[in-house]
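# Structure at a glance
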Amino acid sequence: MRPHGICHAVGSRAERLCVLTETTFKTLGLAEPLLKALAAEKYETPTPIQAQAIPVLLEGGDIFGLAQTGTGKTAAFTLPLLQRLTAERKTAGPRGTRALILAPTRELAVQIGESIRTYSRFAPVTSVVITGGVNQFRQVKALARGVDIVVATPGRLLDLAKQGHLVLHSAQTLILDEADRMFDMGFIRDIRKIVGMLPLKRHTMLFSATMPPEIEKLAREILQHPKRIEVTPKVITVDRIDQHVYHVDGRAKRALLSELIADPAMARIIVFTRTKHGANRLAEQLVRDGHSADAIHGNKSQSARQRALEDFRDARSRILVATDIAARGIDVDGITHVVNFDLPNEPESYVHRIGRTARAGASGIAISFCDPSERKYLRDIERLIKRTLAPANMPELPKNAPMDSASDRERSAGDRRPWQGKAKPNRGGPGGGGNNRPKGDRPREAGAGKPAKAGFRRGRNNGSRAA
Ligand code: AMP
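Starting from 1, residues in each chain are numbered consecutively following that chain's sequence as written. For this predicted model, a pLDDT threshold of at least 70 governs which residues receive local features, and a threshold of 80 or more governs which side-chain atom pairs are given and counted, while totals over whole chains, interfaces and linings are taken from all residues.

Okay, the overall build of the chain next. A run of H or I in DSSP counts as a helix once it spans at least four residues, and a run of E counts as a strand once it spans at least two, with each numbered from the N terminus. Counting its secondary structure elements, the chain contains 17 helices and 14 strands. Taken over 467 residues, the chain has a buried fraction of 51%. Contacts are defined on C-beta atoms placed from the backbone: any two residues whose C-beta positions lie within 7 Å are in contact. In the chain, of all internal contacts separated by at least 6 residues, the share reaching a separation of at least 24 is 78%. In this scheme every C-beta is placed from the backbone, and a residue whose C-beta has 20 or more other C-beta atoms within 10 Å is buried, one with 12 or fewer is exposed, and one in between is partly exposed.

This is the structure we're talking about:
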């Protein structure tokens, strides 16, 4: 793990400096085995969320944390959990667990699992990551004897619980991470089901980057006298990121991208598309054009996603084409450029996307492509970040530059608007679940679906999700 990318997404100078507090991990009350692991990771100072949350959690209090990735929230909830589990010296019974951590995506679950292993190097705690997209055999085997911590995405967890491979009645701790994303992905009902399987008397934490009313409501239902900790300001701006926008016809976006990436200064690029099909298609085109590129989205198998991420992290591929949900857990250093090939229709996603660059104190560049149909999204983004994106001058595109045909774009629109003709989602975008999900369209973990065949997903309401 890298030493700190803390407060990178936090607006004011004072907030960025707040990491330099007098507090140390020792004064927060953490035990020696954890301090040793933190020293090995070269974590010197607790981040603000760690400084606020760790003492409360060590005392057994519930927490409602408003924080996004990059603030150090994983350690904030993992360290006290490990301390409590080791101090209690209990074991989970067969098929049982002592603590459950729920995450919306496989990537995030895997990342949390890695953090647990890192921080528990010197503490005797067992853990397992349970996600869809892989054979359940090893997960079932790991659960059979009982395990201290289960990190899971909701869909597979419920499947295993239904099959009787996991019992939750003795889980004393519940942690919900990125609760707003769970809501976006239509998991709220599953979450409520899972919470119903846990004992009423338990220790509960809920973390969310944003606070839509549904999450406030869920928090009221499942937390008891929580301490509210907020390290994300209401308006997030990432001020170390140079942001600009190209006003470009949709058909010329690809040619514009080719032109821009000819610049070797664009060393490590993440390109966001709105749809899975769009991500596949673009990655394929980039590879055909001789670039090292890969796509990551919810229809890829778990191993394909991990491979794409590792190739990108280890610089074997220069360009990663991603959809929003798949990108949530991506914590890769040294991303020089974020390109919004399609503008997100939820302005908060813009902030999350561009936050992939300028991590660990670095600066970064975010480039957005805006075609006339996306002007509204641009306005929403500018309203949220309280600034206008500087328009960039269009470079001259080669005369024979590839133009996307109308049918290509139409096909993209096919998986862009799965609800068309039926109810609209609550939050105006793909993946916005809520109660308006078309009937029979079970919320799906990012990636729980079968691999999509590029180009075959035509037509309306095919049930595919946007990530
Ligand atoms: P998170 O917000 O949990 O995704 O953490 C963001 C990054 O910060 C991860 O790469 C962590 O390893 C790192 N990190 C967390 N806490 C600290 C700390 N106190 N000092 C340095 N790095 C940290």
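Here, a strand pair is defined by DSSP locating no fewer than two bridges between the strands. The seven strands are arranged S10-S11-S9-S12-S13-S8-S14 in an open sheet whose pairing can be described as parallel. Every other strand in the sheet has two partners, leaving strand S10 (293-296) and strand S14 (390-391) as the edge strands with one partner each. Note: strand S9 (residues 269-272) against strand S12 (residues 337-340), four bridges, orientation parallel. Bridging from a neighbouring strand, valine 271 pairs with valine 339 of S12. Those strands touched by helix H15 (residues 347-354) are strand S8 (241-247), S9, S12 and strand S13 (364-370), and its axis lies near 155° from that of S12. Between N-to-C directions, angles span 0 to 180 degrees; the directions come from axes that are lines fitted to C-alpha atoms, helices contributing only their stretch in contact.

This part is about the sheet that holds strand S5 (residues 173-176). If you walk across this open sheet you meet the seven strands as S3-S4-S2-S5-S6-S1-S7, and the pairing is parallel. Every interior strand has two partners, whereas the edge strands, strand S3 (127-130) and strand S7 (227-230), have only one. With direction set aside, neighbouring strand axes in the sheet form an average angle of 15°. Of the pairings in the sheet, the one linking S3 to strand S4 (residues 147-152) comprises four bridges and is parallel in character. Counted as the bridge partner of valine 129 is valine 151 from S4.

It should be kept in mind that the predicted coordinates are not to be read in detail where pLDDT is low. pLDDT is a per-residue confidence score from the predictor, ranging from 0 to 100. Model confidence for the chain is summarised by a mean pLDDT of 80, while 78% of its residues fall at 70 or above. Counting contacts from residues 1-21, a segment whose pLDDT is below 50, to residues more than four positions away or on other chains yields 46 contacts. Counting contacts from residues 233-237, a segment whose pLDDT is below 50, to residues more than four positions away or on other chains yields 13 contacts.

We now examine the nonpolar core. Leu100, Ile101, Val151 and Leu176 are the most contacted members of the largest nonpolar core, which totals 71 residues. With seven residues, the single largest contributor to this core is helix H4 (residues 73-88). Apart from the residues lying within four places of it in its own chain, the contact partners of isoleucine 101 are Ile112, Ile149, Val151, Ile175 and Asp177. Core membership is restricted to buried Ala, Val, Leu, Ile, Met, Phe, Trp, Tyr and Cys residues, and these are joined into a nonpolar core through C-beta atoms within 7 Å. Listed in part, the 41 residues of the second largest apolar core include Ile261, Phe272, Ile335 and Ile354.

On to the pairing of strand S11 (residues 319-322). What you see with S11 is no split at all: Ile319 and Val321 on one side and Leu320 and Ala322 on the other are buried throughout. The pairing of S9 with S11 spans four bridges and is parallel. Along S11, the bridge assignment pairs valine 271 with valine 321. Sheet topology note: the S10/S11 ladder contains four bridges and is parallel.

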